[in-house]
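Take a look at the letters that make up each chain.
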Amino acid sequence: MAIKEELAGIVGAENVSDDAEKLKPYSKDYSLSAPGMPSYVVKPKNADEIQKIVILANKNKLPVVPCSSGIHFNGDTIPVQGGIVLDLSGLNKILNIDTRNRMARVEAGVTWEQLQPELAKHDMMAISPLLPHHQKSALISHLERDPAVIPKFEYTDALVTVEVVLPEGEIFKTGSAAVPGFPDKSFADGVNPSGPGNMMWTRMLQGAQGTLGVVTWGQFKIEYRPKVNKTYFIPFNNVKDAVVAVSKIQRRMIGEECLILNNVDLAAILAKQWPGDFNTLREKLPPWTLILVLGGGVRFPEEKIEYEEDALKEVAKELSIKNLPTSLSAAPGVEKDIVDMLRSAWPGDRTYWKLAYKGGCQDLFFHTVMGKAQAFYEAIGKVAVKHGYPAADLGCYVQPVIYGGACHFECNFYYDPANAEEVKMVTKLYAEASKTALDMGAFYSRPYGPITDIVYQRAASFTSELKKVKKLMDPNNIMSPGRLCF
Amino acid sequence: MLSVEEYTRQAKMCVRCTFCKFIDLNWVKSLRFSRQCPIDSRYAFNLFSPHGLLHSALAELDGSLEFTPKLMEALYQCTLCGACDARCKRNLDIEVLQVIENLRIRCVEQGKGPMPEHKVMADNIRKTHNEYGEPHENRQKWLGNIKPAQKADIVYFVGCNSAYKQPELAQNTAKILGHTGTDFMLLADEWCAGNYVMATGQVDLARELAEHNVKAIEDSGAKTVITSSAEVYKSLKVDFPRLLGKSTEDMPYTPLHITEYLDQLMQDGKLEFKKNVNMKVTYHDPCNLGRLSEPWQEWVPNYVRVIPIGKVWRRGERGIYDAPRNILKGISGIELVEMERNRSNTWCAGSCGGTEMAFPDFAMWSASERIEEAQATGADAIVTASPDVKQLLTKAVKAKKANMAVYDITEIILKAI
Amino acid sequence: MALSKEVYKALESVVGPEWLSDDPAILEADHVGGSVHGGGDIKRPVCSIQPETAEEVQGIIKICNKYMIPFSATTTNPPPGLDREGVIFIDLKRMRKLEIDEENLYATLEPGVSFAALQGELFKRGLVTFVPMCGGNVSVLANTLNVGEGAISYRYGDRGYRRVLATEWVTAGGEMLRIGSSALQDDYFWGEGPGPDLRGLMASANLESPTTRGICTKMGVRVFPFVDEKLEPTGDAPMTSLVLPSNRFMYYNFVFPTKEAAINAIYEIGKCEIGLFVMTVPPWFFAMARARGSAEVLTGAAGFWDYWDNHEAPLIRENPNQTTCRILLYGIGSDKRLAYEEKVLLDICKEYGTTFAKASRRTTDETHFMSADAIVSNLAGGRFTSVILFESLDHGYKCADIVNVNTKKHVPPVLDDYGTTNWFLPFEMCHICKLECLRFASVEDAGELALLMDDCHKDFVDVGAFPVRPAAERYGPKWENYPEKTRKFKELLDPNNLAPPIT
């Protein structure tokens, strides 16, 4: 039987296609990665179907590339060697919202747009990355370790247990979800990520970019969504001073959302009318803005905000910060919307903020310590200018993590994807800037794009063992071959 | 000494938690000075640790281990400082020190121990009643022109080190007592108190010394025995009653360290230090005056489940820690700064347990560690209350070429009166 | 069984003669487990070796692989895997380097650094680490990888896996493996990647087989902001404690009329995100704390059993469902925070019907910051066992019932605690909870404790409970056949099967 027919036998003919027009959307994304055409796109509805597909793929040595979100920016779902794209958007059930243990269990295709409003009905929220695209899978954000906008240690490592179809086709549940009868007939609530046995499977699957299995659902921590909030927009002339302030604020363990944006990125986020608003905002906004949200607690929320405010004022005094604005003069009224914005997906009826300026945006991001943010910004800025990238267009986002013990540092290169010269320029710029940052000590915990090969070459001991793990788990190398170091 | 049953019971309770290697955890202030067991800190093999010795005790008892040279090394390099004992009793109340002491006794009983140097010491004591083999008739030569009373309520028990090696310390003590108007006498026939004899497991000889000295004290009619040697103090207060099957309170005398005595006089307003002594000092708590000097209670094992009934625990907190400090603080000009490991957390300088005579290099290492700790306080001098400790610390300072003076507390007191 | 001269010389060339020994006394002390001497079939290692660097560890492992000699490694814990003959025991105590990056909230350390030492250094810098309940003397690196839970895990992370940053390993096959930022640079600030998180391959914090795939030789560990005020130690052993600044800390004990009310209130406390830790307090612990010290003996009391039998037990029989909880409120960052937390707590107490809520105004801590009071449990019986589960609070509550029912079958000689020594410690603000069910017996009756554990596990496996250290043959077939998978990874990294087996 032809492959297509076998696939149709598993998922139904309407859920399989090898039509070039239907395959094309999966062959590329918003990254600068080279396109790659799959042979089939398949839309399963459940783990059993996925299992059968994976078994079939093994039998026929066909690559399988899982794809949960409706949009991609990092090139991690573009097939490198053809094969089957597994479109998991049909796995879109919110399986359980457990307000007692503060957990949500969702299928791979559940988007942020779908999830946050459901959680809000219970006064809960999942801690999200910065303004995720409305089609972005919430589970993928957790799997790929997107940095969260709330740097509280209590909230990180949110993903606890998953169900995965392993590369050879076995369905496996991790952590305490492995017990018989989970979820309905077991004592366990699936909240322990360790095991079963002396391994942490959930962790191994994170950052794997689909190379170690197909995750069908995941359970992650959710938190109380404060009803009373007060937001500060603290201006800085340079990121160096902003991170010092963040460090002191985080040491006092106050605040919920805490992030630093330069004027370019903040303008892109706040602009409603393009290009007018964007240009005005970019000009009027301070070079850097620290956005800090103080969130009221479950009980006596105003009093919580009051003591956190006092602490913030003490920090301001220590650092001789004279102004603690709760609004942005360049964007009047934003204080009313910003909290909801940060706790929601980007609205589906507006062009995504990263694409609104020029249609394309290449992100360069890595982990580093906060004290190095200034040096990285300057160095990457120099590379950008060297390649003819306008300095005024360089976006930058610094997300403190874990009480400011480190940060996700991100530069955004906006470009017009329809302009071949710009594409070429940004491609070269991105490659050189990535390497420059690597040489300066940037840590690519999530490598994408051209830096991937260099990272894995340099991390020789790690790469060698990782390849062994991959070979053990995926002996036929069918899961996203060509990705990472595989 | 412990019966086999009690010895086994105590050793079996060890669960190898390793608390015995660290100072009281609430008092840890740094990585550098967090550990408390000298042999563990130096050697790191598990044998060289309190729990290692406890398990060796069980193995020796059941015949699966002999007294090999390596076991002897570990057993006799242990200074019996009692740190492990105090730490263990925070949580498990095991008589760690008694087990190690008993292991030494078994070693001697089987003819394997003690170390050759300890045997020489024992021979010296048998012949000349002092550990050095010096003529017994010279024991009171330190007196010079000092004239103790013929009869008094207080005996000054000098000890071998002060009598023979550091006579100035005995003279200091005599002068101090004289300054306070205290009449004291010497024993007609003072023998070595036998601290190291007892420590090295030579119990029979230790008992002979105890019997002799206690009789001498009784014959003198004195009710109080003062000493300025931490080692003698421990012998008087702990070893003598223990060897004679009694409790401290049953003994015919009250033992006092010179610092205890002077502190009491200070509290009663009968002693003031009139002279200024400008010095920044740190005080080293000798193990024999601190952890090891709590009164001994003779107890017949009696348990309800695992709880010993009627037992008075010796956990190190009732040692003599405050008296020396009160004295130093009472002298104007003295700035007292504390090392991180102080009071019952004190680090053994290495002179306890007979270790120094058999393993001088190890003892020197331990003393050097202590000098480094003293230097970390910024003090000009380290003060202690034991002639043996003072001697060893002085050697260590010289070997390290350290910029630090070493004093016995009697020297400081003499400067102040 | 002795090492050949050739192997001995090879090992000696790695560490030098001083740090290698095959003396019987050395090996005797090395082979003892954390239990009765001679208990279990524990064999003496064939030699004991003490490396000082990761390169030396690698050298030793490579020799083991060359000559097919099994090995076992540990720091403070009794060495695993000594049920085999001919094991080389690698003692990691000499590896004691510690560096603290105060600004970026992490420490880089080697296996020989203890929690108390790290905490002492951190306190100087206005930082704090959690310290496990088994004692501040244990190895930070080893405990954090193997389990890593303590009271303040309520706020500062479930178990050690939450605090592990970059790591350096020597795999059981002798390869050097660096995970996280250490893979690319000599900096241990970040633990994940690059790409898949191989920390999940090497350890699980499940109290199981920590060195079965390799030996961790260096680790970055997260440390946390703390109050500026110093916690000064006070007292002489054994009654020492740390003085807690009263403007920053406040202990509260509160009593619920039922276990259900207590569990519900604890969930609410977690959701309100107050406190540095919260836990239920078994009355057993009160009795143990009170029954120590010379005073009891001097006044003629018979110690623990007198107190338990005559004071606590009658109270429990009168109010069998009453549950005592303790919380340490935490005023970090703001002078007003403590008052806020207290207000929230009292509000919760009122809502959930506490019969007694009292700020004990205790201004000292004996246990939670340095864990100086570990192993005290032994005092009550001589031996104890724990049934430990990490899952939700509700899961713990249901499992505690199973343990209580099974305990009754073994009393006596297991000591009757009237179902009160089930100890709930919620972590991660109650996203997860540790339940530890302590049961006591005398040294002679320790075997009965093992039978009790077995009975509990028989019931757990059927109801979908999730205990730690599950017996693979019992749980494996029900839990996704995990032993088969973990065995394959074991074979991958330990091709010659020389590291301790998976237990």
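Cut-offs and rules
- Residues numbered from 1 in each chain as written.
- Chains lettered and ligands numbered in written order.
- Predicted model: local features only at pLDDT ≥ 70, side-chain atom pairs only at ≥ 80, totals over all residues.
- Heavy atoms only, no water.
- Helix = DSSP H or I, 4+ residues; strand = E, 2+ residues; numbered from the N terminus.
- Rg over C-alpha atoms; globule rule 2.2 N^0.38 Å.
- Buried < 20%, exposed > 50% of the residue type's maximum accessible area, 1.4 Å probe, protein only.
- Contact = heavy atoms within 4.5 Å.
- Lys, Arg positive; Asp, Glu negative; His and termini not counted.
- Charge placed at Lys NZ, Arg CZ, Asp CG, Glu CD.
- Core = buried A, V, L, I, M, F, W, Y, C linked by side-chain atoms within 4.5 Å.
- Salt bridge = Lys/Arg side-chain N within 4 Å of Asp/Glu carboxyl O.
- Buried area = accessible area lost by both parts, 1.4 Å probe.
- Nonpolar A, V, L, I, M, F, W, Y, C, P; charged D, E, K, R; others polar.
- Pairing = 2+ DSSP bridges.
- Axes fitted to C-alpha atoms, helices over the stretch in contact; angles between N-to-C directions.
- Parallel < 35°, antiparallel > 145°, perpendicular 65-115°, else oblique.
- Left-handed = near helix turned anticlockwise from the far one by under 90°.
- pLDDT = per-residue confidence, 0-100.
- Expected span 1.5 Å × (residues − 1).
- Arc of directions from axis to C-beta.
- Phe/Tyr/Trp six-rings, centres within 6.5 Å; stacked < 30°, edge-to-face > 60°.

So, on to the overall build of chain A. In terms of regular secondary structure, chain A is built from 16 helices and 17 strands. Taking 23 Å as the expected radius of gyration for a compact globule of 486 residues, we find that chain A reaches 23 Å, a close match to that expectation. In terms of overall dimensions, chain A has C-alpha extents of about 75 × 55 × 45 Å along its principal axes. The buried share of chain A, reckoned over its 486 residues, is 65%. A separation threshold of at least 6 residues defines the contact pool for chain A, and within that pool the share at least 24 residues apart is 71%.

Turning next to the overall build of chain C. A tally of helices and strands in chain C yields 17 helices and 21 strands. Taking 23 Å as the expected radius of gyration for a compact globule of 503 residues, we find that chain C reaches 23 Å, a close match to that expectation. Based on the C-alpha atoms only, the size of chain C along its principal axes is roughly 70 × 55 × 50 Å. Looking at chain C residue by residue over its 503 residues, the buried ones come to 69%. In chain C, the proportion of contacts linking residues at least 24 apart, taken out of those at least 6 apart, comes to 69%. Taking the average place of the 51 positive charges on the side chains of chain C and the average place of its 68 negative ones, the gap between the two points comes to 2 Å.

Judged by nonpolar contacts, the single largest core of 354 residues is most densely connected at A:F413 and C:F369. Residue contributions to this core peak at eight residues, all from helix 8 (residues 259–272) of chain C. Each residue touching A:F413, except ones within four places of it in the same chain, is listed here: A:G360, A:C361, A:Q362, A:L364, A:I380, A:Y389, A:L394, A:V426, A:L429, A:Y430 and A:A433. With 44 residues, the next largest nonpolar core counts B:I258, B:V281, B:V383 and B:I409 among its residues.

On to the pattern of salt bridges. The final tally for this structure, using the stated rule, is 97 salt bridges over all chains. A salt bridge links C:E273 to A:K152, with the shortest nitrogen-to-oxygen separation between them at 2.8 Å. Of this pair, C:E273 sits in the loop between helix 8 and strand 15 (277–280) while A:K152 sits in the loop between helix 5 (138–143) and strand 8 (159–165), on two different chains. Considered together, C:E273 and A:K152 belong to a single accessibility category, that of buried residues. C:R178 is paired through a salt bridge with C:E168; the nearest N and O atoms lie 3.0 Å apart. With C:R178 in strand 9 (residues 176–179) and C:E168 in strand 8 (residues 164–171), this residue pair connects regions lying 10 residues apart in the sequence. Of the residues examined, C:R178 reaches a relative accessible area of 25% and is grouped as partly exposed. Residue classification places C:E168 among the buried residues on the basis of a relative accessible area of 7%.

Turning next to the interface of chain B and chain C. Taken together, the contacts link 61 residues of chain B with 79 residues of chain C. With both chains or domains summed, chain B and chain C bury close to 5500 Å², and 58% of this area falls on carbon and sulfur atoms. Where chain B packs against chain C, one counts two salt bridges. Residue C:E18 is joined to B:R42 by a salt bridge in which the shortest nitrogen-to-oxygen separation is 3.3 Å. Looking at the side of chain B that touches chain C, the elements with two or more residues in it are helix 2 (38–43), helix 3 (50–61), helix 4 (69–77) and helix 5 (83–91) of chain B. For the side of chain B that touches chain C, the class distribution of residues is 27 nonpolar, 14 polar and 20 charged.

Taken residue by residue, the interface counts 99 residues in chain C and 95 residues in chain A. Between chain C and chain A, the buried area comes to about 8400 Å², and carbon and sulfur atoms account for 59% of it. Contact with chain A buries surface across chain C, with C:Y340, C:H431 and C:E480 losing the most and accounting together for 9% of the total. On the surface where chain C and chain A come into contact, there are 15 salt bridges. The partner of C:D347 in a salt bridge is A:R299, and the shortest N-O contact between them spans 3.0 Å.

Time to look at the sheet that holds strand 9 (residues 405–408) of chain B. All names here are of chain B. One open sheet holds the four strands; their spatial order is 7-4-8-9, and the pairing between them is parallel. Lying at the two open borders of the sheet, with one neighbouring strand each, are strand 7 (334–337) and strand 9. Adjacent strand axes in the sheet meet at a mean angle of 35°, parallel and antiparallel pairs treated alike. Strand contacts of helix 18 (residues 409–416): strand 4 (279–283), strand 7, strand 8 (381–384) and strand 9, with the helix running at about 85° to strand 9, the strand carrying the most contacts.

With that settled, consider the packing of helix 3 of chain B against helix 6 (residues 96–109) of chain B. Residue and element names in this part refer to chain B. Between helix 3 and helix 6, the shortest axis-to-axis distance is 10 Å and the interhelical angle comes to 45°. Relative to helix 6, helix 3 is oriented oblique. Both helix 3 and helix 6 take part in a crossing whose hand is left-handed. Where helix 3 approaches helix 6, its residues P50, L53, L54, A57, E60 and L61 are matched on the opposing element by V96, V99, I100, L103 and R106. Its residues assigned to classes, the contact of helix 3 with helix 6 comprises nine nonpolar, no polar and two charged.

Our next topic: the confidence of the model for chain C. Residue and element names in this part refer to chain C. Taken as a whole, chain C shows an average pLDDT of 88; of its residues, 92% reach a score of 70 or greater. Below a pLDDT of 50 lies the segment residues 293–301, which in the model reaches 11 contacts outside its immediate sequence neighbourhood of four places, other chains included. Overall fold confidence for the complex sits at a pTM of 0.93, while the interface term, ipTM, reaches 0.95.

What follows concerns the pairing of strand 21 (residues 432–441) of chain C. Residue and element names in this part refer to chain C. Judged by how many residues are buried, strand 21 sits mostly within the fold: 10 of 10 residues are covered. Here strand 21 shows a buried face lined by I432, K434, E436, L438 and F440 and a second buried face lined by C433, L435, C437, R439 and A441. The pairing of strand 19 (residues 383–391) with strand 21 spans nine bridges and is antiparallel. Paired with V387 across the bridge in strand 21 is C437. The pairing of strand 20 (residues 422–427) with strand 21 spans six bridges and is antiparallel. Residue pairing in the sheet places N422 in a bridge with C437 of strand 21.

So, about helix 17 (residues 482–493) of chain C. Taking 1.5 Å of rise per residue, the 12 residues of helix 17 of chain C would be expected to cover 16 Å, and the 17 Å separating its terminal C-alpha atoms lies within 8% of that figure. Buried within helix 17 of chain C we find C:Y482, C:K485, C:T486, C:F489, C:K490, C:L492 and C:L493. What you see down the axis of helix 17 of chain C is that its buried residues fit within an arc of 160°, all on one side. Where helix 17 of chain C is buried, its residues meet strand 9 (171–173), helix 6 (201–205) and helix 16 (460–473) of chain A together with strand 8, helix 7 (199–202) and helix 16 (472–475) of chain C.

Residues and elements named next belong to chain A. The full count for this structure, using the stated rule, is 43 aromatic pairs over all chains. Ring centres of F73 and Y352 lie 5.4 Å apart, and the angle between their planes is 40°; this geometry places the pair in the tilted category. Taken together, the residues span a long stretch of sequence, with F73 in the loop between strand 3 (64–67) and strand 4 (84–87) and Y352 in the loop between helix 11 (334–342) and helix 12 (353–356) at a distance of 279 residues. Residue classification places Y352 among the buried residues on the basis of a relative accessible area of 7%.

Below, the discussion takes up helix 2 (residues 20–27) of chain A. Residue and element names in this part refer to chain A. Of all the residues in helix 2, the buried ones are L23, Y26 and S27. Buried positions in helix 2, seen along its axis, are confined to an arc of 100° and lie on one side of it. Exposed positions of helix 2 whose direction lies more than 90 degrees from the buried face are E21, K22 and P25. At its buried positions, helix 2 is contacted by strand 1 (16–17), strand 2 (40–42), strand 3 and strand 4.

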